Every structure is written in structure tokens, then in C-alpha cells.
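Inside the fold
Chain by chain, the residues:
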Amino acid sequence: MRPADIEDLVVPGRPALRGNLLLTALSKPDLKADAARSALRRVSLDGGESAWTHGPRDSAPSISPDGRWVAFLRAGEGKGADGSPQLHVMPSDGGEARRLTSLHLGAGEPVWAPDSRRIAFTARVPEAGRYGTEDADGETPEPAAEAPRRITRMDYRLDDVGFVRDRVQRLFVVDAAEPAEAPEPLTGAGFDASHPVWTPDGTRVVFVAPPEWGAAESDFRDVCAISAEGGEPEVLVRGEGFCERPAFGADGTLFYFGQSFAEHREAAMTGLYAATPEFGAGPVKARRLTDIETVDCEASAGAPAPRGADVLVAVRNRGAVELRAVSVDAADAPLADLAVVYADRTALRSFSYDGSVLAAVIATPSTAGEVVLLGDGEPRVLTDYSKPLRDKGIRPMIELETTAPDGYPVHGWLVLPEGEGPHPVLRVIHGGPFTQQEWAVFDEAQVYAAAGYAVVVGNPRGSAGYGQTHGHAITHGFGTVDVDDVLALLDKALERPDLDASRVGVMGGSYGGFMTSWLAAHHGGRFKAAWSERAVNAWDSMVGSSDIGYFFVDAYIGSDPEVQRDRSPLSYADRIEIPFAVVHSEQDWRCPLEQAERMFVALRRAGAPAEMLLFPGEGHELTRSGRPRHRVQRFEAVLEWWARHL
């Protein structure tokens with residue numbers, strides 16, 4: 001895979017399924033347009049697919065319960081409402097799409113009511129005079145001429161979104177047959193509403209909101225409800241931590257994904273919860289169906305899917321994402337007790353269930369994601385979107401297992417280039433830290449392997465997918481056992497005669513950038529050079545400059561300034577002697593630009609051969625969802641760096 005081949009990273013979105021109608025939004029980077037393009041595709045249950053819409057920015061298909069209508073989001077090429085995703089609806093048997101909304105900042109994913117007429121969604125509503133809207137004087141100020149923001153709380157911005165208190169996400173309901181010209185939000189301007197779902201009788205919309213309707217900063221979330229006609233919202237379930245993606249079973253049982261912050265607010269396993277709401281009677285107590293130690297649900301794959309006596313959920317497990325069934329009567333059920341619906345050395349990205357049909361999008365070590373039918377027999381792959389990528393060459397993932405110096409098991413992979421070697425080696429460290437390297441095509445590893453590098457990746461302690469104890473192992477311990485695991489996996493790979501132990505580089509982003517900086521300072525003799533990207537380098541300033549710093553740093557590092565400095569790579573910049581690349585995005589609010597600037601200046605003042613590469617207009621997610629041309633330019637810069645130093 002070459003840098004420009006990111007255009008072949010075609011990824012289907014969450015499938016929409018009703019009867020024999022199966023739709024997905026197919027997205028891909030477009031280098032010429034320097035934007036992501038997406039259109040809806042119809043996938044035949046017998047195999048094959050065809051165009052449903054032609055885009056260029058159509059997404060989030062949702063089929064009405066009666067199967068007659070398809071709602072979706074479509075964004076145009078203009079500014080304001082015309083350039084933002086707007087809700088559209090069209091007949092399921094084909095025809096013209098009708099636009100239902102003209103919201104200045106666009107609409108969120110559509111959710112059909114049981115009556116197949118009303119649609120719930122969320123949308124950010126800007127204050128007058130901001131984001132290209134008219135102010136009280138009827139003028140539309142440019143961004144730099146907007147009135148100053150009065151900020152009174154710490155949760156005022158979000159990476160890859162921007163300022164949020166002046167454009168709160170509110171809940172809407174629209175009549176698809178007779179849409180209002182300017183729909184009124186159901187929820188107020190004091191809090192973000194998210195993850196809407198209808199009650200089975202269609203009288204209410206259930207959603208997720210912060211405690212006390214956003215009166216103060218909180219990473220807790222409650223499950224709430226409001227009448228579809230408007231009125232005062234009510235709390236159905238008070239969350240033990242973060243809550244998301246509520247869904248109703250046929251009998252009215254409410255299921256949702258949640259976390260418990262009782263022990264730790266970071267690296268908290270996502271579990272399945274159930275409750276029987278009592279509308280108008282106050283909050284009820286939910287029960288956790290899955291074990292807090294071994295079951296970590298992948299909420300991004302979709303809401304819980306009730307299926308008679310069980311509920312389908314995606315779970316992370318040793319680099320895989322599996323589909324499991326949880327009994328509705330379960331109580332703290334461990335992973336071993338959850339029936340396997342689908343499990344392989346793959347990553348299930350999303351799924352949809354209707355009647356007896358179960359469709360999923362599954363990524364594998366040789367595909368970025370295909371639509372697959374799951375059932376009692378063998379999975380049946382319906383699409384072949386990754387064929388162009390495979391035709392250009394995908395290098396296989398070789399599983400690695402070893403132990404750290406303390407005897408702890410370490411798991412990872414090696415992606416080898418073609419040829420006999422000995423190959424130069426890159427130790428690539430993932431971010432998070434509570435996420436996992438997966439059994440799926442990883443564009444970074446593929447690009448580096450195609451350029452001749454052996455790539456070592458893995459899931460050291462602190463990662464997800466190996467239990468809560470594994471994830472909590474580096475709480476107040478960054479740069480300890482995680483370092484042991486990273487180096488142990490590298491040593492295991494270097495046992496191979498086709499790898500060159502004298503030519504090894506280290507690189508990573510976010511937490512992986514922290515680790516790269518830390519390793520360069522403490523184990524610099526192991527590496528020829530380092531590429532540290534969107535890194536945390538100084539915890540003391542991270543507290544106040546990051547969008548999540550005010551709670552993340554306390555949870556993972558602690559509040560003691562001396563400990564923060566002790567765990568900061570910046571404190572040891574004068575120890576770094578190897579060539580060091582500081583790479584950052586100018587609009588990164590997760591690990592802000594000052595983290596790169598402070599590190600670069602410290603390295604240069606200490607005499608280290610350091611360089612800094614800055615990407616304008618990008619946030620923390622550059623490598624995954626940044627402008628396509630920037631993604632290619634970054635790959636080219638990475639390859640040029642390693643060509644110089646390895």
C-alpha cells in the first residue's frame with residue numbers, strides 16, 4: 001500500500017436493514033476533491049451491490065419500520081445549511097429525495113418513530129451571530145469579528161468539534177410527511193442531548209444527557225426521556241458513569257451501554273445495563289448484565305439489539321471485535337458465558353438485526369470492511385469493496401506472543417515487508433491508551449511495510465480488550481509496565497533473523513506519542529530515531545490546555561505537580577540524543593499544540609537533532625479523518641524521515 005492508496009480505503013457504514021432492503025453508506029477519501037466522499041449503496045442479500053444514491057456526501061441511512069421510507073443525511077457543497085448534513089427522505093422503492101431540514105450546522109442521524117412518520121434527531125444550534133449566523137443587528141460577522149465568548153466552565157470545547165457551549169446539541173422531532181419550515185427543539189439550551197431512541201408506543205423520545213441538565217461539568221451521563229410533543233424532560237436512570245446508546249426490547253425493557261466510575265473514570269469497561277423505566281415516577285435502578293472485569297462492549301458498533309431472550313452486543317477481545325449474545329436475565333455475566341454469535345480474528349465494525357436476518361460490517365487483516373450476513377451457518381460475505389486494496393498488495397499480520405520481565409503475557413503482531421531482509425524495524429505504538437490494535441487492515445502498518453519496514457504493533461498494559469485489570473495497570477503508572485511490554489514485544493520480533501536490530505525506529509501518536517518521547521529519553525540507545533506525533537509531553541499544562549485534561553490527568557497521573565512533572569517526557573528532554581520528529585496539528589485540542597512547541601524548544605535548547613512538522617487546519621484525528629491530501633503528505637513525510645534515519 002502506497003500513501004495515495006488511501007483512496008482505496010473504502011469503508012461501509014452501519015448497515016440499515018428492513019426485510020430484504022439492506023443499505024450502507026460507502027465512504028472513501030477523494031484526493032482530487034481533498035474531502036471524504038460517501039454515497040448510499042444497496043446490498044443484495046444474495047450478494048452484490050448497486051448505487052442507491054450518488055452522493056457526494058450522503059450518509060446514515062435509516063429505514064422506516066413499515067419499510068416504505070428511507071431517511072438519510074445529505075450535505076451539499078455550499079456554506080451554512082447548504083453545506084451541512086441535512087435530513088432527507090425518499091421512498092424505499094426509489095424516487096426523488098425530499099429535504100426535511102435546513103439547519104445551519106446540520107442534523108444528526110435520523111431515528112424513525114414506530115408510526116413510520118416522525119423522525120427524531122439531534123442538531124447543534126448556534127447562538128445568534130456565531131458560525132455564520134445573523135446577530136441581533138441583522139449582521140453576519142466573520143469568525144474573527146464575532147463577539148467574545150464568556151466562559152464559566154471547563155467543558156467549553158471539544159476536539160474535532162470546537163467550542164460547544166455556544167452551539168449546544170439539542171433534540172428535535174420532525175414530521176416526515178409535513179415537516180415544519182423551522183422545527184423547534186424539544187430540549188433546552190443548557191445541555192447536550194444525544195443518542196435518541198423512541199419508546200415502543202411512540203409517545204416519548206429517550207436520550208442521554210448530563211446530570212442536573214448540565215448544571216456543572218460532568219463526564220457522568222443519565223438516561224432521560226421527554227414527550228414527543230414537548231414538555232419537561234425527566235431522568236429515567238441515573239448513570240454510574242458514562243451512558244450511551246439506549247434501546248428498547250419488545251416488552252419495554254430499556255437496555256443501554258454504561259460504565260461504572262466507582263473505581264476509575266478512565267479505562268472503565270463498557271457494560272450492558274437493563275432497566276424497567278417508570279415514566280413520571282422518578283429514576284429507577286438499573287442492573288448490570290455483564291461482568292465488569294472481562295466484558296468490554298464496543299458501543300461504536302451499534303446500540304444493543306434485543307433479540308427475544310437475549311441482546312446482541314459487540315465486544316472487544318484480544319484485538320478482535322466479536323458479536324456476543326447476553327441473556328436478558330444475566331447478572332454480571334463474564335465473557336466466557338456470553339454466547340458467541342460471531343468471533344474470528346477480525347473486527348466487527350457495526351451490525352443490524354431485523355427479523356431473522358443479521359448483517360454486519362466486518363474488517364479483516366486483508367479488508368477495510370465488507371458487508372457480511374451472519375447466521376447459523378458460515379458467514380456469507382456480500383461485498384468486495386477492498387479488492388482494489390488487495391490487488392495492490394496487503395501484507396499479512398503475524399501474531400506475536402511473549403512475556404514481560406515480570407512474567408506478564410504480551411500480545412501483538414508483526415507486519416513484514418516483501419523480500420528476505422534483514423529489514424529495518426518500526427515499533428509503532430497506538431494511542432488511547434485504552435483502545436486496542438486490531439485484527440484488521442491498519443493503513444499505517446501497510447504503508448510502512450510496502451516501503452520496506454518491518455512493523456511491530458501490539459497491546460501493552462493499559463490497552464483495551466484484555467480485561468479491566470489489564471487496562472488499569474498503568475493508572476498512576478505511565479512509563480512503567482507499559483514500557484516493559486512495548487520493549488518485550490520488540491525483542492520478540494527481533495529474534496527473527498530477517499529483522500535488523502541495528503536499524504530500529506520508534507513512533508506513535510497521542511498516548512503512543514507520549515511513549516515515543518518517553519522511550520527516546522529513557523531507552524534512546526535502542527533506537528536510531530523517533531517520530532512523536534500529537535503527543536502528551538507535559539502533564540502540568542495538559543491539565544488546563546486539553547479539552548479533557550481537567551479530568552483525564554487526575555485519573556491517569558494524579559494531581560500532585562511533582563508527580564506530573566516526573567511522568568512528563570518534557571522533564572527528560574535533555575536526555576534525548578537521537579534524531580527526533582515532533583509532529584502536530586495546529587488545531588489539536590485533545591493534546592494541544594503547546595505540547596509540541598514546549599518539547600521542540602526543549603530539545604533544540606538541549607542540542608538534540610529535532611525537527612517539528614505542523615499541519616494547519618487539522619485536529620487530533622488527522623491520521624484517521626483529516627484532509628486526504630494532508631494524510632498523504634504526512635505519510636510521505638514519515639517515509640522521508642525513516643529513509644534518512646534507517
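Every chain is numbered on its own, with residues counted from 1 as its sequence reads. Local features in a predicted model are, by the rule used here, given only for residues with pLDDT of at least 70; side-chain atom pairs are given and counted only at 80 or more, and totals for whole chains, interfaces and linings are based on all residues. Side-chain metrics rest on all non-hydrogen atoms present in the structure, leaving aside hydrogens and water.

**Observations regarding the sheet that holds strand 20 (residues 254-258)**
Here, strands pair whenever DSSP counts at least two bridges between them. Secondary structure elements are taken from DSSP: a helix is a run of H or I of four residues or more, a strand is a run of E of two residues or more, and numbering for both begins at the N terminus. Strand order in the open sheet formed by four strands is 19-20-21-22, with antiparallel pairing between adjacent strands. One side of each edge strand has no neighbouring strand; the edge strands of this open sheet are strand 19 (243-248) and strand 22 (287-288). Pairing of strand 20 with strand 21 (residues 271-275) involves five bridges; the strand directions are antiparallel. Directly across from Gly-258, in strand 21, lies its bridge partner Gly-271.

**A few points about the pairing of strand 16 (residues 204-209)**
With a 1.4 Å probe rolled over the protein chains alone, any residue whose accessible area is under 20% of its type maximum counts as buried; one over 50% counts as exposed, and the rest are partly exposed. Across the six residues of strand 16, five count as buried, placing the element largely inside the fold. Here strand 15 (residues 194-198) runs beside strand 16; their pairing, made up of three bridges, is antiparallel. Paired with Val-197 across the two strands is Val-206, which belongs to strand 16. Counting the residues between successive antiparallel strands, the hairpin from strand 15 to strand 16 contains five residues, one of them, Gly-202, with a positive phi of roughly 75°. As paired elements, strand 16 and strand 17 (residues 222-227) share six bridges and run antiparallel to each other. Across the sheet, residue Val-205 finds its bridge partner in strand 17, namely Ile-226.

**What to know about the UniProt feature "domain: Peptidase S9 prolyl oligopeptidase catalytic" (unreviewed entry) in the protein chain**
UniProt positions are given in the numbering used here, feature names are shortened, and annotations may be inferred rather than shown by experiment. Mapped onto the present numbering, the UniProt feature "domain: Peptidase S9 prolyl oligopeptidase catalytic" (unreviewed entry) falls on residues 440-646. In residues 440-646, the share of helix is 46% and the share of strand is 16%. The end C-alpha atoms are 27 Å apart.

**Focus: helix 2 (residues 443-450)**
Burial of helix 2 is extensive: seven of the eight residues sit out of reach of the surface. Within helix 2 the residues assigned to the buried category are Asp-443, Glu-444, Ala-445, Gln-446, Val-447, Tyr-448 and Ala-449.

**Here's the deal with the packing of aromatic side chains**
Each Phe, Tyr or Trp ring, with Trp reduced to its six-membered ring, pairs with another whose centre is within 6.5 Å; inter-plane angles below 30 degrees give stacked pairs, above 60 give edge-to-face pairs, and intermediate values give tilted ones. Summed over all chains, the structure comprises 21 aromatic pairs. Plain terms: the ring middles of Phe-220 and Phe-261 are 5.0 Å apart, the flat faces sit at 80° to each other, and that makes the pair edge-to-face. With Phe-220 in the loop between strand 16 and strand 17 and Phe-261 in the loop between strand 20 and strand 21, this pair connects stretches of sequence that are 41 residues apart. Each of the two residues, Phe-220 as well as Phe-261, counts as buried. Judged by centre distance (6.4 Å) and plane angle (20°), the ring pair of Trp-539 and Phe-552 falls under stacked. A residue pair is termed long-range when its members are at least 10 positions apart, and Trp-539 in helix 6 (residues 539-545) and Phe-552 in helix 7 (residues 549-556) qualify at 13 residues. Neither Trp-539 nor Phe-552 differs from the other in exposure class; each is buried.

**Quick look at the pattern of salt bridges**
Between Lys or Arg on one side and Asp or Glu on the other, a salt bridge is scored when a side-chain nitrogen of the former is within 4 Å of a carboxyl oxygen of the latter. One pass over the structure, following the stated rule, counts 45 salt bridges. Between Arg-117 and Glu-178 there is a salt bridge, with its nearest N and O atoms 3.9 Å apart. Taken together, the positions of Arg-117 in the loop between strand 10 (111-112) and strand 11 (118-126) and Glu-178 in the loop between strand 14 (167-175) and strand 15 put the pair 61 residues apart, joining distant regions of the chain. Lys-387 serves as the salt-bridge partner of Asp-391, at 2.8 Å between the closest nitrogen and oxygen. Of this pair, Asp-391 and Lys-387 both sit in helix 1 (residues 387-392), four residues apart, which is roughly one turn of the helix.

**So, the sheet that holds strand 9 (residues 98-99)**
With antiparallel pairing, four strands are arranged side by side in an open sheet as 6-7-8-9. Of all strands in the sheet, those bounded by a partner on one side alone are strand 6 (58-63) and strand 9. Direction of pairing for strand 7 (residues 69-74) relative to strand 8 (residues 86-91): antiparallel, over a ladder of six bridges. Across the sheet, residue Trp-69 finds its bridge partner in strand 8, namely Pro-91.

**Details of the nonpolar core**
In this structure, Trp-539 and Leu-603 are the most contacted members of the largest nonpolar core, which totals 58 residues. Here this core gets eight residues from one element, more than from any other, and that element is helix 4 (residues 481-494). In what follows, a contact means two residues having at least one pair of non-hydrogen atoms within 4.5 Å. If near-sequence neighbours (up to four positions away) are discounted, Leu-603 is found in contact with Ala-573, Ile-576, Phe-580, Val-582, Ala-608 and Ala-610. Put simply, a nonpolar core is a bunch of buried Ala, Val, Leu, Ile, Met, Phe, Trp, Tyr and Cys residues held in one set by side-chain atoms that sit within 4.5 Å of each other. Within the second largest apolar cluster, 38 residues are counted, among which are Leu-389, Ile-394, Met-397 and Val-638.

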